[in-house]
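Here is how the chains run, residue by residue.
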Amino acid sequence: MAIAVTALPQWKVSAFIGSNILTSEIKWEGIWMNCIYQTTGHMQCKTYDSMLALPPDIQAARALMCLAIFMGWLSCTVSCCGMKCTTCAGDDRRAKAGIALSGGVLFIVTGLCVLIPISWTANTVVHDFYNPNVPTMHKRELGQAIYLGWASAVILMISGAVLSSTCPLLERSGRYHRGYIGRSFANSPALAPDPLKPITSNSVPLKEYV
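Each chain carries its own residue numbering, running from 1 in the written order of its sequence. The predicted origin of the model limits local features to residues at a pLDDT of at least 70 and limits the giving and counting of side-chain atom pairs to 80 or more, whereas totals for whole chains, interfaces and linings rest on all residues. Where side-chain values are given, they derive from all heavy atoms of the structure, hydrogens and water being excluded.

(A) How the structure looks around the pairing of strand β4 (residues 43–47). One requirement defines pairing of two strands: DSSP has to find at least two bridges between them. Secondary structure elements are taken from DSSP: a helix is a run of H or I of four residues or more, a strand is a run of E of two residues or more, and numbering for both begins at the N terminus. By the bridge criterion, 5 bridges tie strand β3 (residues 33–38) to β4 in an arrangement that is antiparallel. Directly across from Met33, in β4, lies its bridge partner Thr47. Between β3 and β4, which pair antiparallel and follow one another directly, the connecting turn spans 4 residues, one of which, Gly41, has a positive phi of 105°.

(B) Main features of the sheet that holds strand β1 (residues 12–14). Spatially, 5 strands are ordered β4-β3-β2-β1-β5 in an open sheet, and the strand pairing comes out antiparallel. Two strands lie at the open edges of the sheet, namely β4 and β5 (140–142), each paired on one side alone. Between one strand and the next, the sheet's axes are offset by a mean angle of 25°, whatever the strand orientation. As judged from the 3 bridges shared by β1 and β5, these two strands associate in the antiparallel manner. Structural elements are reduced to axes, namely lines fitted to C-alpha atoms, with helices fitted over the stretch in contact, and the angle between N-to-C directions of any two is expressed from 0 to 180 degrees.

(C) Fine view of the nonpolar core. Residues belong to one nonpolar core when they are buried, are Ala, Val, Leu, Ile, Met, Phe, Trp, Tyr or Cys, and are joined through side-chain atoms within 4.5 Å. Burial classification: accessible surface area is computed with a 1.4 Å probe over protein chains only, and a residue below 20% of its type maximum counts as buried, one above 50% as exposed, and the rest as partly exposed. Of all hydrophobic cores here, the largest spans 18 residues; its most connected members are Val5, Trp11, Ile31, Met65, Val114, Ile118 and Ile146. For this core, the secondary structure elements donating two or more residues are α1 (2–7), α2 (56–81), α3 (93–129) and α4 (144–165). Of the residues forming this core, the biggest block, 5 residues, is contributed by α3. Residue contacts follow a heavy-atom distance rule, with two residues in contact if any of their heavy atoms lie within 4.5 Å. Look past the residues within four positions of Ile31 in its chain and what remains in contact with it is Thr6, Trp11, Tyr48, Ile58, Ala61, Arg62 and Met65.

(D) Focus on the packing of α3 against α4. For the pair α3 and α4, the least separation of the axes is 7 Å and the interaxial angle reads 160°. One finds that α3 runs roughly antiparallel with respect to α4. Crossing hand, α3 versus α4: left-handed. Any residue that is not Ala, Val, Leu, Ile, Met, Phe, Trp, Tyr, Cys, Pro, Asp, Glu, Lys or Arg is counted as polar, Gly included; the first ten are nonpolar and the last four charged. Of the residues contributing to the contact of α3 with α4, the split by class is 18 nonpolar, 10 polar and no charged. Throughout, the term roughly parallel applies to angles under 35 degrees, roughly antiparallel to angles over 145, roughly perpendicular to angles from 65 to 115, and oblique to all others. Crossing handedness: left-handed means the near helix sits turned counterclockwise from the far one by under a right angle, and right-handed means the same turn made clockwise.

Below, the structure is given as structure tokens:
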């Protein structure tokens, strides 16, 4: 989902308010390009000519979304290595739990990397929309990519929280909690063996074999 949010140009869309009643064209502005969609079905897109001339929120969105894609791939890889069905770390359950916990934390960090640029852009759009100094033709509304980015960030952070909470708890000594309490026989007193009972002819018939 983070890849789709990064690629979509619908971060900002045209706002049809006031005397701006021209609905034959819809302008989309993303972090990589801006597009003009016509009601006839034709669409023209153009990438930004200069990165340094972009607003700060767009520049930060580019960097953070690219970082989020990399972190998402890394978190998936680390989480898969921490699964019980994999052979990573052998049979060391403590190491597997640590790897799975690291994957959960990476998922949460990935969600934050998606949430920050999405919320920053949304705040800029809302601030400019209600700013009377901004011309009406330059006002924008929240696009579909913003809502998809919020949903992606929430899913990533919930996944990371669930993955982190399902890891086995560790004791202070570094061992796992067990569902039973083991009994140590090292310091228990030795029990005397039961005396042997003599075999009598009344209890067991004796036979001689040659």
